[in-house]
Amino acid sequence: MFVRPFVAALAAAILLIATDNTRVLAHGDVTPQPIDTAGLEPLGDEWRKENPYRDNAKAIEIGESGYTQNCARCHGLEVISGGLAPDLRHLDKGPVGDEWFMERIRHGAKKTDGTTIMPAFEGTFSQEAMWAIRAYVESKFSEQ
Ligand code: HEC
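Student: Tell me about the layout of surface pockets, residues and numbers included.
Tutor: Approximately 480 Å³ is the volume attributed to the largest pocket. Residue lining of the largest pocket: 22 residues in total, with His 75, Pro 86, Leu 88, Arg 104 and Met 118 positioned closest to the centre. Of all the elements in the fold, those that place two or more residues in the lining of the largest pocket are α3 (72-75), α4 (94-107) and β2 (116-118). Among the elements that line the lining of the largest pocket, the one with the most residues is α4, at four residues.

Student: Which residues make up the site of the ligand, and what values go with them?
Tutor: The full set close to the ligand counts 20 residues, and Cys 71, Cys 74, His 75, Trp 100 and Met 118 are the nearest of them. Interatomic distance of 2.8 Å between a side-chain N/O atom of His 75 and a nitrogen atom of the ligand. Within the side chain of Arg 104, an N or O atom sits 3.1 Å from an oxygen atom of the ligand. Elements supplying a minimum of two residues to the shell around the ligand: α3, α4 and β2. The element that contributes the greatest number of residues to the shell around the ligand is α4, accounting for four residues. The class makeup of the residues in the shell around the ligand is 16 nonpolar, two polar and two charged.

Student: Account for the packing of aromatic side chains, with residues named and values stated.
Tutor: Under the definition given, this model contains two aromatic pairs. Judged by centre distance (5.6 Å) and plane angle (55 degrees), the rings of Tyr 67 and Tyr 136 are tilted. Within this pair, whereas Tyr 67 is found in helix α2 (residues 57-70), its partner Tyr 136 is found in helix α5 (residues 127-139), the two being separated by 69 residues in sequence. In this structure, Tyr 67 and Tyr 136 share a single accessibility class: buried. When the ring centre of Trp 47 is taken as origin, the NZ or CZ atom of Arg 106, which lies over that ring, is 3.7 Å away.

Conventions used here
- Residues numbered from 1 in each chain as written.
- Predicted model: local features only at pLDDT ≥ 70, side-chain atom pairs only at ≥ 80, totals over all residues.
- Heavy atoms only, no water.
- 1 Å grid on protein atoms, 1.4 Å probe; cavity = no way out; pocket = protein on both sides within 12 Å on 5 of 7 lines; lining within 4 Å.
- Points joined across faces, edges and corners; volume = space filled by probe spheres on them.
- Helix = DSSP H or I, 4+ residues; strand = E, 2+ residues; numbered from the N terminus.
- Near = heavy atom within 4 Å.
- Polar contact = N/O pair within 3.5 Å; in protein donor to acceptor, adjacent residues only side chain to side chain.
- Nonpolar A, V, L, I, M, F, W, Y, C, P; charged D, E, K, R; others polar.
- Phe/Tyr/Trp six-rings, centres within 6.5 Å; stacked < 30°, edge-to-face > 60°.
- Buried < 20%, exposed > 50% of the residue type's maximum accessible area, 1.4 Å probe, protein only.
- Lys NZ or Arg CZ within 6 Å of the ring centre and 35° of its normal.

Below, the structure is given as structure tokens:
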């Protein structure tokens, strides 16, 4: 099984971050890691409305690694949810889905009582990294 070593590696990573970091971590929190987007066309400061990297092989590759490290623990490996968080293969395809995707990845999600259920990634990921993850997630849609 792939899941066991993955969980062990994740636990080790959390320990490392927890002992290495002076920041106080909330329970279940994992510090998101910046994503290296070298090789992708830079997008500048203005937020795009549509994914400029749709079907871009390099973006999908970068996005896969970014997703696996930062999203899979809630949304599931290979974008197949285990029920902890919504299955992202059900998002809308194309520009319609892009907007909602960016809303969530930039701002995260909170319960009505203010508890964070998904962290915000704005300030951690570049716009390039976010669209690369979107390109990867969308590349998984057609496999169903
Ligand atoms: C700590 C767990 C957690 C992590 C990590 C996480 N999410 Fe989420 N995400 C959630 C939960 C829970 C929801 C449902 C929020 C709600 O019901 O309002 C959600 C919702 C979403 C949605 C909207 C889904 C829908 O069906 O409307 C998107 C898109 C999304 N997440 C993308 C991501 C991406 C991309 C990453 C990684 C960069 C990520 N999430 C990391 C927990 C997480």
